[in-house]
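Here are the chains, one letter per residue:
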Amino acid sequence: MELTFVTYNIHKGIGNDGRYRLERIVEVLRDIDADVVALQEVDHNAPRSRSEDTARILAEELGMHYHLGLNVKLKHGAYGNATLSRYPILESRNMNITWAIKKRRGCLITRIQCPRHEIGVMNFHLGLASFERQWQARKILNSHSLKSLNRLPLIILGDSNDRNDRLRAPFEAAGLSDASADAQKAYTWPSYAPLFRLDKVFYSGHWRLARREVVQNKKTRVASDHLPLAVTFSLGR
């Protein structure tokens, strides 16, 4: 069985032209046709995105199940991470990984029932400061939530904000491999001229890496300030 995962910071649906156009995100994701989609910066009832429930709209347009974990409250509305799945989501919970007085951050944890396997997915958006990210990585890797998923094939993915590739070591120490560690120039930000590998996918030993792609084309260069990273794995019986 092969499954394709995507991590994509959609920048609230606001493109590099400053316009809110959620239909562009729909088109990008429809073209990729992934089984599981991890999104960051997903607005919910915020005026800048027409007060729409963007996670619900995306899921309906793509015919997927979804769960939304809101992290940052705005004067009107909020935003956070959303996980969409072709297959039923059995359980979802949002882990608070906010460091002290920094902006609120979260890791959305889901269990998904695939045709032959139940899998675990952890969708994160880490902070801007290096010490903050290191603390958040430790919190995720030492969490009861991760321990509860240890028996399952596990994918941890999202916007790491890690420009200097300092998070690979703690994840590898926890038995999780970086899907793009040996990929040259797997840069995802900024989308119009990518220079940094911010968006990452880590995976447990249950999986075998089949292929990966930073999706860079005319649509993705304008739809968000990040490029989507798509990774396909095979999973044995």
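To be clear, the structure that these remarks concern was listed above.
All of these numbers come straight from a predicted model, not from anything done at the bench.

Trainee: Which parts of the structure should I look at to understand the sheet that holds strand β1 (residues 2-9)?
Mentor: Paired through backbone hydrogen bonds, the strands of a sheet run either parallel or antiparallel to each other. Strand order in the open sheet made by the 6 strands is β3-β4-β2-β1-β12-β11, with mixed pairing throughout. Each of the sheet's edge strands pairs with one partner strand only, and the pair in question is β3 (65-73) and β11 (207-214). When the angles between neighbouring strand axes are averaged without regard to direction, this sheet yields 20°. The strands touched by helix α1 (residues 22-32) within the sheet are β1, β2 (36-44) and β12 (229-235), with β1 carrying the most contacts at an inclination of about 160°. Sheet strands in contact with helix α2 (residues 54-62) are β2, β3 and β4 (78-85), and its direction is about 145° off that of β2.

Trainee: How should I be thinking about the packing of aromatic side chains in this particular structure?
Mentor: Here a ring pair, both rings aromatic, is described through the centre-centre distance and the interplanar angle of the planes. Per the counting criterion, the structure on display carries 8 aromatic pairs. When the ring of Y203 is compared with that of F233, the centres are 4.8 Å apart and the planes differ by 50°; the resulting orientation is tilted. Taken together, the residues span a long stretch of sequence, with Y203 in strand β10 (residues 199-203) and F233 in strand β12 at a distance of 30 residues. Accessibility expressed as a relative area gives 0% for F233, which makes it buried. Positioned above the aromatic ring of Y79, the side-chain terminus of K12 is 5.0 Å from the ring centre. The lysine or arginine in question, R163, covers the ring of F196, its NZ or CZ lying 4.5 Å from the ring centre.

Trainee: Explain the sheet that holds β10 to me, please; I cannot follow it from the model alone.
Mentor: Read from one edge of the open sheet, 6 strands run β5-β6-β7-β8-β10-β9, paired in mixed fashion. On the outer flanks of this sheet lie β5 (89-96) and β9 (177-178), each paired with one strand and no other.

Trainee: Can you help me understand α1 in this one?
Mentor: Quick reminder: α-helices carry 3.6 residues per turn. Residues three or four places apart thus point the same way. When α1 is considered as a whole, its buried residues turn out to be L22, R24, I25, V26, V28, L29 and I32. In the core, the buried residues of α1 are packed alongside β1, β2, α2, α6 (220-223) and β12. Count one or two residues on from α1 and you reach D33, which has phi positive near 60°.

Trainee: Explain unusual backbone geometry here, please?
Mentor: Of all residues except glycine, most have a negative phi; of all peptide bonds, most are trans. A cis amide bond links W189 with the next residue in sequence, P190, at an omega value of -10°. You will see that S51, though not glycine, has its phi angle at about 55°, which is positive. The class for S51 is partly exposed, based on a relative accessible area of 41%. You will see that A100, though not glycine, has its phi angle at about 50°, which is positive. The residue A100 is located in the loop between β5 and β6 (106-113) in this model.

Here is what the cut-offs are and how they apply
Residues numbered from 1 in each chain as written. Predicted model: local features only at pLDDT ≥ 70, side-chain atom pairs only at ≥ 80, totals over all residues. Heavy atoms only, no water. Pairing = 2+ DSSP bridges. Helix = DSSP H or I, 4+ residues; strand = E, 2+ residues; numbered from the N terminus. Axes fitted to C-alpha atoms, helices over the stretch in contact; angles between N-to-C directions. Contact = heavy atoms within 4.5 Å. Phe/Tyr/Trp six-rings, centres within 6.5 Å; stacked < 30°, edge-to-face > 60°. Buried < 20%, exposed > 50% of the residue type's maximum accessible area, 1.4 Å probe, protein only. Lys NZ or Arg CZ within 6 Å of the ring centre and 35° of its normal.

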